[in-house]
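Structure at a glance
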Amino acid sequence: MANARTPLIAGNWKMNQDHQEAIHLVQKLAWALKDGKHDYSAVEVTVLAPFTDLRSVQTLVDADKLELSYGAQDVSQHVSGAYTGEISPVFLAKLGAKYVAVGHSERRQYHGEDDALVNAKSKAALAHGLVPIICVGEALEVRKAGDQVAHTLAQVDGALDGLSAEDASKVVIAYEPVWAIGTGEVATPQDAQEVAGAIRARLAELYSSEVADAVRVLYGGSVKSGTIAELMKETDVDGALVGGASLDAEEFAKIARYQAHAGA
Ligand SMILES: O=C(CO)COP(=O)(O)O
């Protein structure tokens, strides 16, 4: 890839893995990643775990000095106070979390999250040193109508509203077409590139080419080891947000070494 962006392979465990299962999965993943045959230095690997797993994941990563970062799947837009059930970005930062997914389509769909909330959560994450992985992407009807680019860019505009260029250059944007999530129906590399390229062009318009060059744009939706290499060949796809396949340590490690099976 002819740019300075470090590819990011992020596993979104969703509501899977209790804290004991999480320990096993991270151990297996560490083992799979350290197979001695492959070089992961050019790729960053992260897992987005349920809140209740984070302390266990932190302990393992610290104790074994694993080359693995971790994060959460959601965050409150508030720092503290009477917000029953919410998790502060301060708590996540204190647990060593690096990333937090914001505005995942499942949060938008089942928890009524809108662009304004996604914007507030992204700002809260950034204010406390977390990197938001801002999730955007269209539903099937929108794609059928051919409106995927306009729809997704509107979500990007909403999520970034009021962010400084400095903050905007730190975010990760995950393009996850809703029709490809958990369906086995992966977008074609061209579909992913069309929207990822449009997102980068929008970043250049909203900010500058420096910001556009700095932001990593991921693709998510039924990514597997067999499909990652072709996706990663696209100019504006800088990694993947992986759901189901991230629960299988071997398969997830294989996705992270996509270069090996791309022949690169
Ligand atoms: O939603 C996703 C990642 O956030 C994608 O999930 P799947 O990889 O299971 O389709």
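Residues numbered from 1 in each chain as written. Predicted model: local features only at pLDDT ≥ 70, side-chain atom pairs only at ≥ 80, totals over all residues.

This brings us to the overall build of the protein chain. When helices and strands are counted, the protein chain shows 13 helices and 8 strands. If one aligns the C-alpha atoms of the protein chain with their principal axes, the spans along those axes are about 50 × 45 × 35 Å. Classification of the 264 residues of the protein chain by burial places 45% in the buried group. A sequence separation of at least 24 residues applies to 73% of the contacts in the protein chain between residues at least 6 apart. (Helix = DSSP H or I, 4+ residues; strand = E, 2+ residues; numbered from the N terminus. Buried ≥ 20, exposed ≤ 12 C-beta atoms within 10 Å, placed from the backbone. Contact = placed C-beta atoms within 7 Å.)

Before going further, it helps to spend a moment on helix 11 (residues 225-232). Taken as a whole, helix 11 has its buried residues at Ser225, Thr227, Ile228, Leu231 and Met232. Buried residues of helix 11, seen end-on, are gathered within an arc of 150° and therefore sit on one face of the element. (Arc of directions from axis to C-beta.)

A few words on the site of the ligand. Around the ligand, a shell composed of 14 residues is seen, among which Asn12, Ile181, Ser222, Gly243 and Gly244 lie nearest. Here the shell around the ligand is built from residues that sort into 5 nonpolar, 8 polar and 1 charged. (Near = placed C-beta within 6 Å. Nonpolar A, V, L, I, M, F, W, Y, C, P; charged D, E, K, R; others polar.)

Attention shifts here to helix 9 (residues 189-206). Given a rise of 1.5 Å per residue, 18 residues ought to cover 26 Å, and the 25 Å separating the end C-alpha atoms of helix 9 matches this to within 8%. Restricting attention to buried positions, one finds in helix 9 the residues Ala192, Gln193, Val195, Ala196, Ile199, Arg200 and Leu203. Lining the buried residues of helix 9 we find helix 7 (148-160), helix 8 (165-168), strand 6 (172-175), helix 10 (209-214), strand 7 (216-220) and helix 11. (Expected span 1.5 Å × (residues − 1).)

This part takes up the nonpolar core. Counting residues in each nonpolar core, the largest one holds 76 residues, and the members touching the most others are Val100, Ile133, Ile173 and Tyr175. Ignoring sequence-local partners within four residues, the contact set of Ile133 consists of Ala10, Tyr99, Val100, Ala101, Val102, Val172, Ala174 and Leu241. (Core = buried A, V, L, I, M, F, W, Y, C linked by C-beta atoms within 7 Å.)

Moving on, we come to the environment of Ser69. Along the chain, Ser69 turns up in strand 3 (residues 69-72). The exposure class of Ser69 is partly exposed, given the 19 C-beta atoms found within 10 Å. The spacing of Ser69 and Leu48 is 21 residues in sequence and 8.9 Å in space, taken between C-alpha atoms. Non-local contacts of Ser69, meaning those with residues more than four positions away in its chain, are made with Glu44, Thr46, Lys98 and Tyr99.

Turning to the sheet that holds strand 4 (residues 99-102), a few remarks are in order. Strand order in the closed barrel formed by 8 strands is 1-2-3-4-5-6-7-8, and the pairing between neighbours is parallel. The sheet shows a mean angle of 25° between the axes of neighbouring strands, taken without regard to direction. Bridging between strand 1 (residues 8-12) and strand 8 (residues 239-242) involves 4 bridges; their strand directions are parallel. Its bridge partner lying in strand 8, Ile9 is registered against Ala240. (Pairing = 2+ DSSP bridges. Axes fitted to C-alpha atoms, helices over the stretch in contact; angles between N-to-C directions.)

This brings us to the pairing of strand 8. A regular strand places its side chains on the two faces of the sheet in alternate fashion. Neither face of strand 8 is exposed, since Gly239 and Leu241 on one face and Ala240 and Val242 on the opposite face are all buried. For strand 7 and strand 8, the ladder comprises 2 bridges, and the chain directions are parallel. When the bridges of strand 8 are listed, Gly220 appears paired with Leu241. Viewed along the sheet, the connection from strand 7 through helix 11 into strand 8 turns out right-handed. (Right-handed = clockwise from strand over helix to strand, strands pointing away.)

What follows is about the UniProt feature "active site" (unreviewed entry) in the protein chain. When the UniProt feature table is mapped onto this chain, "active site" (unreviewed entry) is found at His104 and Glu176. In terms of the greatest pairwise C-alpha distance, the residues named above, spread along 73 residues, form a tight cluster of at most 8.4 Å across. By the element assignment, His104 lies in the loop between strand 4 and helix 4 (105-110). By the C-beta count within 10 Å, which is 28 here, His104 ends up buried. Ignoring sequence-local partners within four residues, the contact set of Glu176 consists of Ser105, Cys135, Gly137, Ile181, Gly220, Gly221 and Leu241. (UniProt positions renumbered as here; feature names shortened; annotations may be inferred.)

On to the UniProt feature "binding site: substrate" (unreviewed entry) in the protein chain, then. Under the feature "binding site: substrate" (unreviewed entry), the UniProt entry names Asn12, Trp13, Lys14, Gly182, Ser222, Gly243 and Gly244. The greatest C-alpha distance among the residues just named is 13.6 Å, despite their covering 233 residues of sequence, which places them together in space. Exposure remark for Lys14: the 19 C-beta atoms within 10 Å place this residue in the partly exposed category. For Gly244, the position within the fold is in the loop between strand 8 and helix 12 (249-256). Note on Gly244: 19 C-beta atoms within 10 Å, which makes it partly exposed.

Okay, the packing of helix 1 (residues 19-33) against helix 12 next. At a closest axis distance of 9 Å, the pairing of helix 1 and helix 12 adopts a crossing angle of 45°. On the basis of the axis angle, helix 1 is oblique to helix 12. Considering only the axes of helix 1 and helix 12, their crossing is right-handed. Residues Leu25, Lys28, Leu29, Ala32 and Leu33 of helix 1 pack against Ala249, Glu250, Phe252, Ala253 and Ala256 of helix 12. Of the residues contributing to the contact of helix 1 with helix 12, the split by class is 8 nonpolar, no polar and 2 charged. (Parallel < 35°, antiparallel > 145°, perpendicular 65-115°, else oblique. Left-handed = near helix turned anticlockwise from the far one by under 90°.)

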